Amino acid sequence: MISERKIIKLIDLARKCNLCAMFHFKNLDRTQVDYKEDLSPLTKADIEVNNIAVEGLKKLFPDIEIVSEESKNSHNSLKNNKVFWLVDPIDGTKEFINKSPNFTVNFALIKNNFPVFGLIAQPHTDTVWYNYDNKAWKLEKNYKFENAKRIECSTINYNKIKTLSSLNHRTKELENWMSLVKPFKDIDVGSSIKFCYLAEGKVDIYPRTAPTMEWDIAAGHSILKAAGGNLYCDNGFEMQYGKIDFKNPNFLAFGKTDNLPSKFLMFLNDQNFESYENDMNYAVDELKKGNLIAFPTETVYGLGAIGNSEKAIKSIYTAKKRPLNNPLIAHTFSIEEAEKYIEFTNIARVLTKKFWPGPLTIIGQTKNNQFTKILSQGKSTLALRVPSHPVALDLIKRVNIPILAPSANLSGRVSPTSAEHVINDFGPVFYGEGWKLSKIIDYGSCSIGLESTVIDCRGEIPIILRHGFITKEMITDVLKTDVLDLENNDNELISPGQLKSHYSPKANVFINQKTSMENSGWLTFGSTPKSLQKHKNLFNLSPTKNLFQACFLLYSGLRYLDSLGVKNIQVMPIPNESIGVAINDRLKRASYKN
Ligand code: TXA
Ligand code: MG
């Protein structure tokens, strides 16, 4: 994405920043340190390095917007969320003031919400780490670009885990995490240098439960990925950028591994684990008996049945009142497992390598063997997904048979993003003729809030059957080929579930609305228009027009307005770009006929 010539210029720019930072470090006058609104310190070095970095990046990439920690106005003015720079001129200002040389300069380029380039410079040693050509590199003082050293993560040895737990950022969650993982060795380094340690294979895992901002980690994330590791949020999916207020959830950065234990992700949060083992054992037993279990995934809650029992599968249809011609997604725990059930085309291979575990469902040709007989419901194609949510993954691994699961709502209605939503749809008794919902595993809200993208991977050209959290741009970016997109696809044969009317609350939904009608509630987006400020029934999907937030709140918003008993739900226009496409798709189906 960035040419070699530009990489060389970026390294020069980083070295200019290094020089400036070192000058101020040597001449630091502590009486001149200012404090920002959040009481974090601000030095002359922060400001001057910021100016050099921002001016330099502007010159090199005049068309790309820059969000920098120290350019306050850049935080609210990002116009193009698809491509932008994230800059942290000095990460580790506290260390800087305390005369510890562990501070860094950070640039990261974000494309379609993932980092594609990252550079970390350490002024004190004049070392630069960056990624280029899908590899990670380290360039030491006085070295020329041609002499950069390739770096790689080491493969995690789970019997001798080396962690990096920042002593300055101990939380109760981190203490719990450490007592679960019991590292063989734990070390402490400041600032984003942690990512360089991971990328060089000096340590295996960096857990983070104290607050961070996107510019603190994006460059490190990019370098780490190129070195063979990755950085996952607590929902098990790769960290994305351009979120609300640029704040990150808890995360785990790690080296090479095929099998990150679900518990390593779960323990990043303060959940009640006392009953977890019992709950899981019970859920597994009930699934094996042919009963239903509702469980959280990163997208929405699923209503699961074991994939080797026709009776169990049938009970999903009865419980949901789902049309029998609408097939179900099989949830499994790895690519290798998935390959038992469907023919993997090249396209399927590339997409699953990038987006699994995560919110992508692929459709493939069903393999003809003993595993698929019941699982495929007699169909020649099968939908498969490996969810990233640690609880979902743990459940599927324990059952060790794929779990068929639609969203845990009544057919045609709004999908559930919390356990409460599931209770509202299937309660109060949770059984009926031919079905029993034995347990709803409550693990809070689903952090994505919108269903997976469904993509048919059988042919030469992949076809998006349902828009979802993985956008068409992300898919095109990875495949580097055209992707068909069956917009307004109502062809029952191709995608039986894409009904024109779906995701509907009780109220009538109207999209792209500007003026109020009688007895209506509003889903607003952006600042509330003057004409609506006194309106009683409002639900704001995102005051700052952030599509991640709108996605997260969409179904709660629809359910909330419905609970007020309004006759109509009016929705303000939402941009039809990136995940806005999936949001608009759901709203269009919710509003069908209106
Ligand atoms: O995020 C999700 O995908 C959630 C969570 C629980 O994993 N699941 C979900 O399932 O949304 P459901 O049943 O609500 O939607 C599945 C969609 C439907 O549109 C269905 O028609 C389609 O996937 N589908 C399933 N099997 C298919 C197949 N063999 N060919 C084409 N479409 C298929
Ligand atoms: Mg559904």
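Each value, and the rule that gives it
- Residues numbered from 1 in each chain as written.
- Chains lettered and ligands numbered in written order.
- Predicted model: local features only at pLDDT ≥ 70, side-chain atom pairs only at ≥ 80, totals over all residues.
- Heavy atoms only, no water.
- Helix = DSSP H or I, 4+ residues; strand = E, 2+ residues; numbered from the N terminus.
- Rg over C-alpha atoms; globule rule 2.2 N^0.38 Å.
- Buried < 20%, exposed > 50% of the residue type's maximum accessible area, 1.4 Å probe, protein only.
- Contact = heavy atoms within 4.5 Å.
- Areas by Shrake-Rupley, 256 points an atom, 1.4 Å probe, with all protein chains shown as cover.
- Lys, Arg positive; Asp, Glu negative; His and termini not counted.
- Charge placed at Lys NZ, Arg CZ, Asp CG, Glu CD.
- Salt bridge = Lys/Arg side-chain N within 4 Å of Asp/Glu carboxyl O.
- Expected span 1.5 Å × (residues − 1).
- Pairing = 2+ DSSP bridges.
- Phe/Tyr/Trp six-rings, centres within 6.5 Å; stacked < 30°, edge-to-face > 60°.
- Axes fitted to C-alpha atoms, helices over the stretch in contact; angles between N-to-C directions.
- Polar contact = N/O pair within 3.5 Å; in protein donor to acceptor, adjacent residues only side chain to side chain.

Visitor: Can you tell me about the overall build of the chain, naming the residues and giving the values?
Guide: Regarding its fold elements, the chain presents 17 helices and 29 strands. The C-alpha atoms of the chain give 25 Å as radius of gyration, which agrees with the globular expectation for 594 residues (25 Å, within 12%). Once the C-alpha set of the chain is aligned to its principal axes, its extents read approximately 80 × 60 × 50 Å. Per-residue burial over the chain gives 58% buried out of 594 residues. For the chain, the share of sequence-separated contacts (at least 6 apart) that also reach a separation of at least 24 residues comes to 66%. Carbon and sulfur atoms form 49% of the exposed surface of the chain, whose accessible area is close to 25,600 Å². If you average the places of the 74 positive and of the 64 negative side-chain charges in the chain, the two averages end up 2 Å apart.

Visitor: Outline the pattern of salt bridges, supporting the account with residue identities and numerical values.
Guide: As enumerated under the stated definition, the model contains 30 salt bridges in all. K256 is paired through a salt bridge with E152; the nearest N and O atoms lie 2.8 Å apart. Taken as a pair, K256 in the loop between β14 (251-254) and α7 (262-266) and E152 in the loop between β9 (149-151) and β10 (162-164) lie far apart in primary sequence, 104 residues in all. K256 sits in the partly exposed class, given a relative accessible area of 25%. The exposure class of E152 is partly exposed, given its relative accessible area of 40%.

Visitor: Residues and numbers for unusual backbone geometry, please.
Guide: With omega at -10°, the peptide bond leading from W356 into P357 counts as cis. Tracing the backbone shows P357 in the loop between α11 (346-355) and β18 (360-365). The omega angle of the peptide bond from G427 to P428 is -5°, so this bond is cis rather than trans. Among the secondary structure elements, P428 is positioned in the loop between α14 (419-426) and β21 (431-432). Notably, D126 is not glycine yet its phi reads approximately 50°, a positive angle. For D126, the location among the structural elements is in the loop between β6 (114-122) and β7 (127-132). Exposure remark for D126: the relative accessible area of 17% places this residue in the buried category.

Visitor: Tell me about the environment of L287, and name the residues and values.
Guide: On the secondary structure map, L287 appears in helix α8 (residues 276-288). When the C-alpha positions of L287 and L437 are compared, they lie 9.7 Å apart, and in sequence the two are 150 residues distant. Setting aside residues up to four positions removed in sequence, L287 forms contacts with I293, G304, A305, I306, L395, V399 and I403.

Visitor: Kindly report on helix α6 (residues 214-226), identifying the contributing residues and their values.
Guide: Its 13 residues give α6 an end-to-end C-alpha distance of 18 Å, which sits within 8% of 18 Å, the value for a rise of 1.5 Å per residue. Extensive coverage of α6 is indicated by the burial of 12 of its 13 residues. Looking one or two residues beyond α6, the residue adopting positive phi is G228, at roughly 105°.

Visitor: Tell me what's going on with the pairing of β14, and back it up with residues and numbers.
Guide: Regular strands have side chains that alternate between both faces of the sheet. Side chains of β14 alternate between two faces, with F251 and A253 and L252 and F254 buried alike. Sheet topology note: the strand β13 (residues 230-233)/β14 ladder contains 4 bridges and is antiparallel. The residue of β14 that forms the bridge with Y232 is L252.

Visitor: Residue-level account of the packing of aromatic side chains, with values.
Guide: Tallied over the full model, the rule gives 22 aromatic pairs. Here W177 and F264 contribute two aromatic rings whose centre-to-centre distance is 5.8 Å and whose plane-to-plane angle is 70°, an arrangement assigned as edge-to-face. Here the residue W177 occupies a position in helix α4 (residues 172-181), and F264 occupies one in helix α7, the gap between them amounting to 87 residues. Classification of W177 by relative accessible area gives buried; the value is 0%.

Visitor: Go over the sheet that holds strand β29 (residues 568-571), please, and point to the residues and values.
Guide: Strand pairing within a sheet occurs via backbone hydrogen bonds; the two strands may be parallel or antiparallel. Judged by pairing direction, the sheet is parallel, and its 4 strands sit side by side in the order β26-β29-β27-β28 without closing on themselves. Since the sheet does not close on itself, it has two edges, and those belong to β26 (508-510) and β28 (538-540), each with one partner. Going from strand to strand, the sheet's axes swing by 20° on average, the running direction of each strand aside. As paired strands, strand β27 (residues 520-524) and β29 are joined by 4 bridges and run parallel to one another.

Visitor: Can you tell me about the side chain of T453, naming the residues and giving the values?
Guide: Residue position: T453 is located in strand β23 (residues 453-456). By relative accessible area, T453 is classed as buried at 0%. Separated by 3.3 Å, the side chain of T453 and the backbone nitrogen of G468 make a polar contact. Non-local contacts of T453, meaning those with residues more than four positions away in its chain, are made with P359, L360, T361, I464, R466, H467, G468, F469, I470 and I475.

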